[in-house]
Amino acid sequence: MKYPSFYLILFLLSSQYITAQWTNRYPQVDGFGHHVYLEGYELPVMNSGATGPAPSPSGNEVVFSAKGWLWLMDLNTQSARRITSTGAMDFKPNWSPDGKHIVFVRDTGLDTKIMLLDMAQNKEFLLIDTKALDLDPIFSPDGASVYFASAENGSLDIWQLDLATKTKTVLTKAKSLERLPIPLNSKYMIYLKKTGFSYDSIEVYSLDNDESLALAEENFMSQASFSLSSDQRTLAYTWPQDDDYELRLLDIKYPESNLLLTKSNTLPLNPKFSSDNQWIYYSETNTNELSEIKRIRVSGGKPELLEIKSWEWNAPTGTLKITSKVDGKITPVRMSVVDANGHPVVPNTGIIHSEGQNGMVFFYSDGEIELQAPHGELTITAVHGLSTEKTVIKSTVGTDSQSAEINLKTIWNAQANGWYSGDNHFHLNYGGTNQLDPEDIVLDLKAENMDVAFPLLANLGNRFLQPSIWDWKRTEPPLIQFGQEVRSHFLGHLGLLGTKDIYWPWVWGPYYDVYGRDDRLNAEPLEFARNQNALGGYVHPVSVRDPFTENGARRIPIELIADCVLGKSDLIEVGCLWSDEIGTANLWHEILNIGQPLAISGGSDVMNDLYRTMAIGVTRVYVKPDGDLSIPSYLEALKNGRSFVTNGPQILFEVDGKEVGEVINTKSKTIKWTLDVHSPTPFDLVEIFVNGAIVWSKKGNTKAGSKTYKGSIDVPKGGWVTARVSGGVVDWPLMDSYPFAESSPVWFNSVGSTDKEAAKASANKLLRLLSVSTQRLKRGYGDNPIPKLEGHFEEAKQHLESIINQ
């Protein structure tokens, strides 16, 4: 294998660092790491515009997917006619050689299956419906069979279905991921091979001797797709180039050399040769995130846009104008609309998402939006971030234009009370089917009632994403400023917020080729941030509920314990969709107990250019800054612990009249506390922690809304107290696996104070975790000398031992 290092690195990433509490919506596939990447990159994508065009054998028509159905476009009239109409979503069509049938993928929202459409009879037939993912159907050159990808045997393999006998045969049996088959004849085929989810190659495969030859290979080709000319010589393929993609050509007999065909507008996807080999058709999103059909001559030249002049629904349609109001005022919202069959109804422009927790296709409205749909009843669901309950209404589309109004009520107005929300960890573009500009997420933030956003620049191992937009800022609410995710996979991922410059390198450590032997600390970029009056810390750090077991200790980033023990990290991301909040918070408690005032942060870690992803801000942090909101005042409040982290419930915690981040100085033996919980959904449990021990708990609220809890606690000699809300059923606006919120500490006597016995107990726990991390460190670097890293870990060990022996 040409790039074993990167495969191993991303395997470590998927198995150790972000093996999330969210696991999968669709049937699990073996051998691919985290399912968020498989569902985000490998499953079909819906857009209101045309995606995945396939020209017919006659050359007169193009079939494509749009709005979740299949459409047939007459190239002469440029009129598109809808040819499927169920409640499911239909994608990835391919023609039979005689032009009489189309095979395609049907997505139910929980699984996929493969269908056949008889064009003459206008009748559908089910071809493949396993209990696993079934994808990528394509006819054999003689039309007698259909090749497809299926995870029926665990991993995604290539299969063949004999249409006469309905016999299925598995053709590839490797434990990697094999997709996008193109059969050449009975002996050879071309397919996409993905090892883990990082090393990708387009291969020519011999069915007789189970051998393959790589035609093209690269790391993290998330949108790889290709087509073969009818003479079976020329391959047209989508290829990554820095932040963008391009279409390239190669001769499969001489794959060592290739030719750039077009960069188009940066994301030309799903290429397909015309039957006469004169054109390559493809789809690409425009600046309004609407997917369009384009084509370019095989000989090169300027791409042509095939504008669809009319849409024939084969059913009466109407329009519905929806006005959304929050507390009586027209306001942006997150919205989901489905028809009577459960099929998503989407606007004509703008990015569309499908979230995996609740299975809802959603988009954003600026307060007024118009939708076109077949006649009948529509169900409209809307929320305004975490500040309102889910509101559902029904309306009917008829012959005349209709209107509907959906009214939401705020549970708690955070801004009016001096609190502001921020998402400190998500990615604007990360290998998806859109290429977003920073302005494209302003509506998202307004609809999610977000005040501050830190999209993090990241890397795909050997490609650094969008450093050119590093200096872009939005200085009016919602505030936007770019941060950086330093992804040293082996040692742990870091988020840097507020730095003036980008830290280099972005990647290093075992299993990398270029920087694999670097004796470099994660503490270096953390210090880099501090030197710029910025903040740095660990993101998605703990993926399990109990990090203190032997297995749990191996799910903690290798350098996290050493850095946090020595006070090198400013932040720990307690709330994140791809980690476990309770497991992370419990580890955070142990660090607080040894006197390190480690601040908490929250971030969704969504990838906004993906179709299958969650919403910005569904995991977030609220802060209460001094004075007006600005990036500096936000970061200062975050650093000082004037905050709480949540994925739904919003909590205000006071102890003896002091708010979070403040210090209690009292001679009383007992003091009173108050906790106000404002939650858009019910929750199971409320807990009060003193120095990591639960000192009070009570069942939560069985309904959404506001509730106040009160009690008293004994005053310890030192340390801290926090409040937590957790557990319950997940429903909109939540998208995490369970409701959670925890406050920053209120301190006793001084910030960073400790209770001696609690400090010793925590130091012992952390020492055991550090020992596991040290073993992993040495095993990863092997014979490579790492005196800096070993000295850092030894210093942390000595510090913990000094606490134990005091």
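Residues numbered from 1 in each chain as written. Predicted model: local features only at pLDDT ≥ 70, side-chain atom pairs only at ≥ 80, totals over all residues. Heavy atoms only, no water.

1. Quick look at the overall build of the protein
- Counting secondary structure elements, the protein contains ten helices and 55 strands.
- For 806 residues, the compact-globule formula gives about 28 Å, and the C-alpha radius of gyration of the protein, at 27 Å, lands near that figure.
- C-alpha atoms of the protein, sized along the principal axes, occupy 90 × 70 × 45 Å.
- Out of the 806 residues belonging to the protein, those deemed buried represent 64%.
- Considering only contacts in the protein between residues 6 or more positions apart, those separated by 24 or more positions represent 62%.
- Per element, the accessible surface of the protein, about 28,800 Å² overall, is 46% carbon and sulfur.
- Separation between the mean location of the 74 positive side-chain charges and that of the 98 negative ones in the protein comes to 4 Å. (Helix = DSSP H or I, 4+ residues; strand = E, 2+ residues; numbered from the N terminus. Rg over C-alpha atoms; globule rule 2.2 N^0.38 Å. Buried < 20%, exposed > 50% of the residue type's maximum accessible area, 1.4 Å probe, protein only. Contact = heavy atoms within 4.5 Å. Areas by Shrake-Rupley, 256 points an atom, 1.4 Å probe, with all protein chains shown as cover. Lys, Arg positive; Asp, Glu negative; His and termini not counted. Charge placed at Lys NZ, Arg CZ, Asp CG, Glu CD.)

2. Here we look at the sheet that holds strand 1 (residues 51–55)
- Taken together, the five strands give an open sheet; going across it, the order is 1-2-3-4-25, and neighbouring strands pair in mixed fashion. Whereas interior strands pair on both sides, the edge strands pair on one side only; in this sheet they are strand 1 and strand 25 (310–312). Shown here is a sheet whose adjacent strand axes are inclined to one another by a mean of 25 degrees, direction ignored.
- In this sheet, strand 2 (residues 61–66) lies alongside strand 1 in antiparallel orientation, the contact comprising three bridges. Within strand 2, the position partnered with T51 by the bridge is S65. (Pairing = 2+ DSSP bridges. Axes fitted to C-alpha atoms, helices over the stretch in contact; angles between N-to-C directions.)

3. As for the side chain of D518
- Relative to the helices and strands, D518 is located in the loop between strand 40 (492–497) and helix 4 (523–530).
- Given the relative accessible area of 18%, D518 is considered buried.

4. A short note on the packing of helix 7 (residues 581–593) against helix 9 (residues 756–781)
- Between helix 7 and helix 9, whose axes approach to 8 Å, the crossing angle comes to 125 degrees. Relative to helix 9, the element helix 7 lies oblique. Viewed along their axes, helix 7 and helix 9 form a crossing whose handedness is left-handed. Residues L587, E590, I591 and N593 of helix 7 pack against A758, A759, S762, K765, L766 and L769 of helix 9. (Parallel < 35°, antiparallel > 145°, perpendicular 65-115°, else oblique. Left-handed = near helix turned anticlockwise from the far one by under 90°.)

5. A word on the pattern of salt bridges
- All chains considered together, the criterion is met by 27 salt bridges.
- Note that K788 and E524 form a salt bridge whose closest N and O atoms lie 2.8 Å from each other. One end of the pair, K788, is in helix 10 (residues 787–804); the other, E524, is in helix 4, with 264 residues separating them in the sequence.
- Between E662 and R642 there is a salt bridge whose closest N-O contact spans 3.8 Å. Of this pair, E662 sits in the loop between strand 47 (658–659) and strand 48 (663–664) while R642 is found in the loop between helix 8 (631–639) and strand 45 (643–646), placing the two residues 20 residues apart along the sequence.
- In the salt-bridge network here, residues are joined through shared partners; they are E42, D136, R179, K194 and D200. (Salt bridge = Lys/Arg side-chain N within 4 Å of Asp/Glu carboxyl O.)

6. Thoughts on the layout of surface pockets
- The volume enclosed by the largest pocket comes to roughly 900 Å³.
- N94, I138, S227, L228 and K272 are the residues nearest the centre of the largest pocket, which is lined by 35 residues in total.
- Breaking the lining of the largest pocket down by element, the ones donating at least two residues are strand 1, strand 5 (89–95), strand 9 (134–139), strand 13 (177–183), strand 17 (226–228) and strand 21 (269–273).
- Class assignment for the residues of the lining of the largest pocket results in 18 nonpolar, 14 polar and three charged. (1 Å grid on protein atoms, 1.4 Å probe; cavity = no way out; pocket = protein on both sides within 12 Å on 5 of 7 lines; lining within 4 Å. Points joined across faces, edges and corners; volume = space filled by probe spheres on them. Nonpolar A, V, L, I, M, F, W, Y, C, P; charged D, E, K, R; others polar.)

7. Considering the sheet that holds strand 16 (residues 211–219)
- One open sheet accounts for four strands, arranged 13-14-15-16; its pairing is antiparallel. The strands lining the two open edges of the sheet, one partner per strand, are strand 13 and strand 16. The sheet shows a mean angle of 20 degrees between the axes of neighbouring strands, direction not considered.
- Note: strand 14 (residues 188–195) against strand 15 (residues 199–206), eight bridges, orientation antiparallel. Bridge pairing links T195 to Y199 in strand 15.

8. What to know about helix 4
- Of all the residues in helix 4, the buried ones are A523, P525, L526 and A529. The arc enclosing the buried residues of helix 4, seen along the axis, measures out at 165 degrees, which places them on a common side.
- On the buried face of helix 4, the contacting elements are strand 39 (483–488), strand 40, strand 41 (535–538), helix 6 (560–565) and helix 10. (Arc of directions from axis to C-beta.)

9. Topic: the nonpolar core
- Ranked by internal contacts, the top residues of the largest apolar core, which has 82 residues, are I190, I202, F226, L235 and Y430.
- One finds W508, W588, A637 and F740 within the second-largest nonpolar core, a separate group that totals 71 residues. (Core = buried A, V, L, I, M, F, W, Y, C linked by side-chain atoms within 4.5 Å.)

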